[in-house]
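Single-letter residue listing:
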Amino acid sequence: MNTLALFSGAVTLLGAIMVITRQVAVHAVLYLVVTLLGLATVFALLGAPFAAALEVIIYAGAIMVLFVFVIMMLNLGQSDREREKEWLRPRIWLGPALLSILLCAELIYSVSSSPQQEGPLAPLSARDVGLSLFGPYVLMVELVSFLLLAGLITAFHIGRHRTEGR
Amino acid sequence: MSQIPFLAIVLTPLVILALATLLTWVERRLLGLWQDRHGPNRVGPGGLFQAVADGIKILFKQDWIPPFADKAIFVLAPTIGMMTVLLSFGAIPFTAWSGIVGTLNVGLLFILGMMGLGVYAVVLAGWASNSKYALLGGMRAAAQMISYEVFMGLSLLGVVMIAGSFNLHDIVMAQTHCWFILPQCLGFLVFLLAGIAETHRLPFDLPEGENELGAGFHTEYSGMKFGMFFIAEYAGIILISSLVTTLYLGGWQGPLLPAALWFLLKTTSVVIFFILLRAALPRPRYDQLMALGWKILLPLSLLNVTATGTVLMLRAAG
Amino acid sequence: MLNTVRTLFLTFLHAFQRRATVQYPEEHPYLPPRYRGRIILSRDPDGMERCVACNLCAVACPVDCISLQKTEENGRWYPEFFRINFSRCIFCGFCEEACPTYAIQLTPDFEMSEYARPNLVYEKEDLLISGTGKYPDYSFYHVAGVTIPGKDRGEAKRERPPVDLHTLLP
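The structure presented is a predicted model; accordingly, all values stated were derived computationally and were not measured.

Definitions and cut-offs
Residues numbered from 1 in each chain as written. Chains lettered and ligands numbered in written order. Predicted model: local features only at pLDDT ≥ 70, side-chain atom pairs only at ≥ 80, totals over all residues. Contact = placed C-beta atoms within 7 Å. Helix = DSSP H or I, 4+ residues; strand = E, 2+ residues; numbered from the N terminus. Nonpolar A, V, L, I, M, F, W, Y, C, P; charged D, E, K, R; others polar. UniProt positions renumbered as here; feature names shortened; annotations may be inferred. Pairing = 2+ DSSP bridges. Buried ≥ 20, exposed ≤ 12 C-beta atoms within 10 Å, placed from the backbone.

Peer 1: Would you explain the interface of chain B and chain A in this entry?
Peer 2: Interface size is commonly expressed as the accessible area that is lost once the parts come together. On the chain A side, the residues contacting the 20 residues of chain B number 17 residues. When residues of the side of chain B that touches chain A are traced back to their parent elements, those giving at least two are helix 4 (107–129) and helix 5 (132–163) of chain B. If you tally residues by element for the side of chain B that touches chain A, the top one is helix 4 of chain B, at ten residues. Class assignment for the residues of the side of chain B that touches chain A results in 15 nonpolar, four polar and one charged.

Right, here's the structure in full:
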């Protein structure tokens with residue numbers, strides 16, 4: 001189990017690196033999908049199949065398709081690839097990369113020094129997720145629903161068909 | 001790992017592929033039947049081997065990748081389509097023995113997720129072909145399939161609420177006394193329509209739309225790559241039909257006959273209904289399709305969820 | 001919604017109706033005598049060729065698939081060769097309409113597929129039949145004023161004897 005989780009974690013990491021380094025936008029999006037799928041596998045192996053399924057359905061299945069949809073409409077060409085290549089010079093990514101490595105090292109150190117949780121994790125069912133969402137976190141759910149409603153209204157306002165001479 | 005028989009993992013995709021190939025012939029015969037024709041009836045008994053002949057033909061056709069295509073994704077797209085459909089079958093309980101991973105406690109969500117990934121096959125095929133018709137088909141597919149995924153998920157909520165589980169095995173067991181098609185008739189209707197749209201079958205085959213887009217997203221495909229799209233579409237029909245059977249028609253349960261036969265019988269009748277839809281109905285315009293989805297199916301499925309929840313709550317209280 | 005269900009039901013009922021398709025090699029469709037199929041060259045009731053090589057069919061042919069050459073024998077005109085390229089023929093029947101002697105006729109036969117394209121070029125031997133086709137009693141030389149051996153001037157049907165220019169009698 002541990003090896004499998006590490007393996008899918010490695011796939012996730014590799015996918016994420018590929019997302020950054022691809023020059024064609026659709027290739028990057030595809031690697032992002034792979035990353036999300038790897039993440040879903042990690043979730044499933046950690047005993048949260050519900051979260052894994054939602055990750056696949058919502059992120060990999062719906063949001064990324066919208067990304068592809070938008071990229072398809074943008075009609076990117078050779079010039080965009082040139083610009084991407086321009087942006088991928090070491091001078092530009094070296095600084096952020098160093099800082100990220102520092103953060104990563106800190107994370108690894110803190111995880112390895114904290115007491116290990118032994119024993120198998122109980123699988124988290126959809127029921128547990130629902131109970132916690134509408135129990136202790138009900139305020140967050142309501143806030144998020146407000147945010148979504150605001151987004152919905154904005155989208156409706158922007159996308160509304162305006163008649164001339166109104 | 002030992003509780004999953006190796007044989008089942010090998011056999012299920014093969015049987016599904018064979019059935020999907022056979023379905024191409026069945027569909028043509030049935031369409032003929034309903035259009036006062038005969039359909040393919042020459043090769044083998046009743047034309048049964050027409051599917052084999054078509055398979056051989058498509059295997060030997062030139063497999064051409066257009067020079068302007070994005071080659072890697074062009075090859076990847078049909079593979080995704082095939083794989084997601086075949087993977088979905090893993091979670092479907094064909095009999096009481098409950099499929100390959102029938103014990104998966106998020107089985108329904110797994111299938112929904114696979115369908116969500118299946119969108120990539122169409123969208124990426126449209127994009128990678130790098131031609132106008134294919135791109136239009138891909139964009140239509142993206143919008144259509146994402147929209148109808150919403151209604152599909154919402155329509156399934158009622159079933160999940162009554163059964164109290166995402167596990168397909170449990171859902172079938174919950175239908176021992178009453179098929180869910182009765183209490184969930186609204187949800188059934190929405191799921192059926194969303195299923196047709198999700199497999200981009202006629203009458204909702206706008207991503208392909210032969211008379212306006214050439215062949216839509218697979219305009220540039222030939223040979224076995226096209227064949228994979230083709231077979232994946234038919235496997236998708238079988239998938240949706242077996243889902244309808246599992247979720248609304250009581251799954252493998254039935255008197256007298258063995259479980260697998262009941263499942264086959266119910267699934268076949270749903271498949272035949274799908275083909276009847278193709279024979280009878282014209283394709284709607286794209287905005288009509290979207291209006292049907294967002295203005296009719298979405299309120300219907302929300303109503304279904306609310307009504308189901310109210311009834312369940314009242315029953316729990318009273 | 002109700003309309004859709006009705007459409008579905010009516011389409012389903014079509015399963016029990018008669019098939020419109022004819023299972024061709026086993027059962028043949030009825031073709032009327034004036035069906036425009038394979039072109040033939042017919043003969044007189046006397047058994048002579050009707051074609052007088054007037055070239056009107058070749059002129060009328062919109063796809064130029066007829067080619068022939070005139071020759072003469074005992075006052076009768078014949079085609080030296082008569083060639084129809086059926087890989088070009090569109091079976092429009094203009095040649096039949098143009099023919100002044102009812103020689104060229106279209107028949108209700110369409111089963112003339114070949115594996116090699118040159119085999120579709122029919123020569124005179126392939127085109128000539130031994131019968132008279134659709135007009136059993138018609139013979140061009142018996143109604144035309146042309147002299148042939150055995151029929152002198154004025155002996156054709158509905159033809160008066162030639163006027164003797166050297167007599168003054170009415």
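Now, onward.
Peer 1: Please clarify how the arrangement of the chains should be interpreted in this entry.
Peer 2: With two pairs of chains in contact, the largest contact count belongs to chains A and B. As for chain C relative to chain A, no contact occurs, and the smallest C-alpha gap between them is 29 Å.

Peer 1: Please explain the interface of chain B and chain C as it appears in this structure.
Peer 2: Taken together, the ten residues of chain B in the interface contact eleven residues of chain C. Those elements that place two or more of their residues in the side of chain B that touches chain C are helix 1 (6–34) and helix 10 (259–280) of chain B. The element best represented in the side of chain B that touches chain C is helix 10 of chain B, accounting for three residues. Its residues assigned to classes, the side of chain B that touches chain C comprises six nonpolar, two polar and two charged.

Peer 1: Sorry if this is basic, but what is going on with the UniProt feature "transmembrane region" (unreviewed entry) in chain B here?
Peer 2: All names here are of chain B. The positions that UniProt labels "transmembrane region" (unreviewed entry) are, in the present scheme, residues 6–26, 72–94, 106–127, 148–168, 180–197, 226–249, 261–280 and 292–314. Within the segment residues 226–249, helix and strand shares are 96% and 0% respectively, and the terminal C-alpha atoms sit 33 Å apart. When the span residues 292–314 is considered, its composition is 100% helix and 0% strand, and the gap between its end C-alpha atoms is 32 Å.

Peer 1: Can you walk me through the pairing of strand 2 (residues 66–73) of chain C in this structure?
Peer 2: Each regular strand displays side chains that alternate between the two surfaces of the sheet. Residue and element names in this part refer to chain C. In this structure, strand 2 lies alongside strand 3 (residues 76–85), joined through eight bridges in antiparallel fashion. Bridging from a neighbouring strand, Glu73 pairs with Arg76 of strand 3. Between the antiparallel neighbours strand 2 and strand 3 lie two residues, among them Asn74 with a positive phi of about 55 degrees.

Peer 1: When you look at the UniProt feature "binding site: [4Fe-4S] cluster 2" (unreviewed entry) in chain C in this model, what are you seeing that I'm missing?
Peer 2: All names here are of chain C. Following the UniProt record, the feature "binding site: [4Fe-4S] cluster 2" (unreviewed entry) maps to Cys61, Cys89, Cys92 and Cys95 here. A compact arrangement is adopted by the annotated residues: their sequence extent is 35 residues, whereas the largest C-alpha distance between any two is 10.6 Å. With respect to the secondary-structure elements, Cys61 resides in the loop between helix 2 (56–60) and strand 2. On the neighbour-count criterion, Cys61 (20 C-beta atoms within 10 Å) is buried.

Peer 1: What's the story with the UniProt feature "binding site: [4Fe-4S] cluster 1" (unreviewed entry) in chain C in this structure? I'm lost.
Peer 2: Residues and elements named next belong to chain C. With numbering aligned to this structure, UniProt lists the feature "binding site: [4Fe-4S] cluster 1" (unreviewed entry) at Cys51, Cys54, Cys57 and Cys99. A compact arrangement is adopted by the annotated residues: their sequence extent is 49 residues, whereas the largest C-alpha distance between any two is 10.4 Å. Locating Cys51 in the fold gives a position in the loop between strand 1 (39–41) and helix 2. Given 25 C-beta atoms within a 10 Å radius, Cys51 is considered buried. Setting aside residues up to four positions removed in sequence, Cys51 forms contacts with Leu41, Tyr78, Pro79, Phe82, Thr101 and Ala103. In this structure, Cys99 sits in the loop between helix 3 (94–98) and strand 4 (104–106). Owing to 21 C-beta atoms within 10 Å, Cys99 belongs among the buried residues under this scheme.

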